[in-house]
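For reference, the chains in residue letters:
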Amino acid sequence: MHLALIRSGIAGPLILLAVIVLVAAMPAAETWLVYNRALIDGGEVWRLLTGHLTHTNSEHLLLNTAGLVLLWILHGQHYRLWPFFGMTALLCLVTGVALYLFSPGTEIYLGLSGVLHGLIIWGGLLDIRARWRTGYLLVAGTWIKVGLEQWFGASADTAGMIGAEVAIDAHLWGTAAGMLLGLPALERRAGPANKEVSQPS
C-alpha cells in the first residue's frame, strides 16, 4: 500500500469501509455474520465480533459511511494502520460482549454505530493527549448524546431511515468501550520527556 496513503491516516478507514460494503453486497454471507442472541447462545460466538459489519439497508450503510468519513476528518492524523485495526477489532468485541451480557433485550443487532461511538471517544482521548481542547468537547459531547438517548430514546427519524429500532445500548457500550480502551493513551502522555517539553522556557 502506498506509504503516503498510510501516513494520511485514511488507509484504515478505507479498508474498513470496503469490508462493510462487501458484506452488504453479499446478503447470504451477512446472515452468517449478524449479531443474533439465539444463535450466539447456540455457540456461534463470532457474531459478537462480526455483527458490527452488517447493516439493515443501504441508508443505514450510508449513514455509517458518513460517520466513518467524519471520524477520519476529525482524527485521521492519529490513525496508523495497525493500531486503528487493533482498536476497531477490540471495540467490536467489547461492545458485542457488553451487549450480550448487559442488554438481554437486544436480540438482533446490525450496524457499526456502536463501534463508531467508541472510535469518537478514542480519537477524543488522543486529542487530549496531544493537548488539543477539542478532545474534551468530543468526549463530553458523546457522553451527553448517549445519556440523552438513554433517557429520552433515539430519534424516530433515524429509526425510520434505517428501517429498525436504533440500538442505543450499542452506542452506550461502544462509548464505554472507547473510554476503557482509550484511557491508557493518556497515561503514556505523562512520561518524563513530555513533562520536560511542557515546562515553560
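Further up the page is the structure itself.
The model shown is predicted, which means the values in this text are computed figures rather than measured ones.

Its 22 residues place the ends of helix α7 (residues 81-102) 31 Å apart at the C-alpha level, agreeing with the 32 Å of an ideal helix rising 1.5 Å per residue. Of all the positions in α7, only Leu81, Phe84, Met87, Thr88, Leu91, Cys92, Thr95, Gly96, Ala98 and Leu99 are classed as buried. In a view along the axis of α7, the buried residues occupy a sector of 165 degrees, so they form one face of it. For α7, the exposed residues set more than 90 degrees away from the buried face come down to Trp82 and Leu101.

Moving on, we come to the pattern of salt bridges. All chains considered together, the criterion is met by two salt bridges. Across the salt bridge formed by Arg47 and Glu44, the nearest N and O atoms sit 2.6 Å from each other. With a closest N to O distance of 2.6 Å, Lys145 and Glu149 form a salt bridge. Note that Lys145 and Glu149 are positioned in helix α9 (residues 134-152) at a spacing of four residues, about one turn of the helix.

Within the chain, Arg131 stands out as a residue other than glycine whose phi angle is a positive 65 degrees. Residue position: Arg131 is located in the loop between α8 (113-129) and α9. The exposure class assigned to Arg131 is partly exposed, which follows from its relative accessible area of 44%.

On to the packing of aromatic side chains. Across all of its chains, the model carries six aromatic pairs by this definition. Pairing Tyr35 with Tyr109 gives two aromatic rings, centres 6.4 Å apart and planes at 80 degrees, and the pair type is edge-to-face. Linking Tyr35 in strand β1 (residues 35-36) with Tyr109 in strand β2 (residues 108-109), this pair joins segments that are 74 residues apart in sequence. Each member of the pair, Tyr35 as well as Tyr109, carries the same accessibility label: buried. Note on Phe84 and Phe85: the rings are 5.8 Å apart at their centroids and 70 degrees apart in plane angle, and the pair reads as edge-to-face. Phe84 sits in the buried class, given a relative accessible area of 1%.

Take the side chain of Thr95 next. Within the secondary structure layout, Thr95 lies in helix α7. When residues no more than four places from it in sequence are discounted, the contact partners of Thr95 are His52, Ala170, Trp173, Gly174 and Ala177.

Quick notes on the rules
Residues numbered from 1 in each chain as written. Predicted model: local features only at pLDDT ≥ 70, side-chain atom pairs only at ≥ 80, totals over all residues. Heavy atoms only, no water. Helix = DSSP H or I, 4+ residues; strand = E, 2+ residues; numbered from the N terminus. Expected span 1.5 Å × (residues − 1). Buried < 20%, exposed > 50% of the residue type's maximum accessible area, 1.4 Å probe, protein only. Arc of directions from axis to C-beta. Salt bridge = Lys/Arg side-chain N within 4 Å of Asp/Glu carboxyl O. Phe/Tyr/Trp six-rings, centres within 6.5 Å; stacked < 30°, edge-to-face > 60°. Contact = heavy atoms within 4.5 Å.

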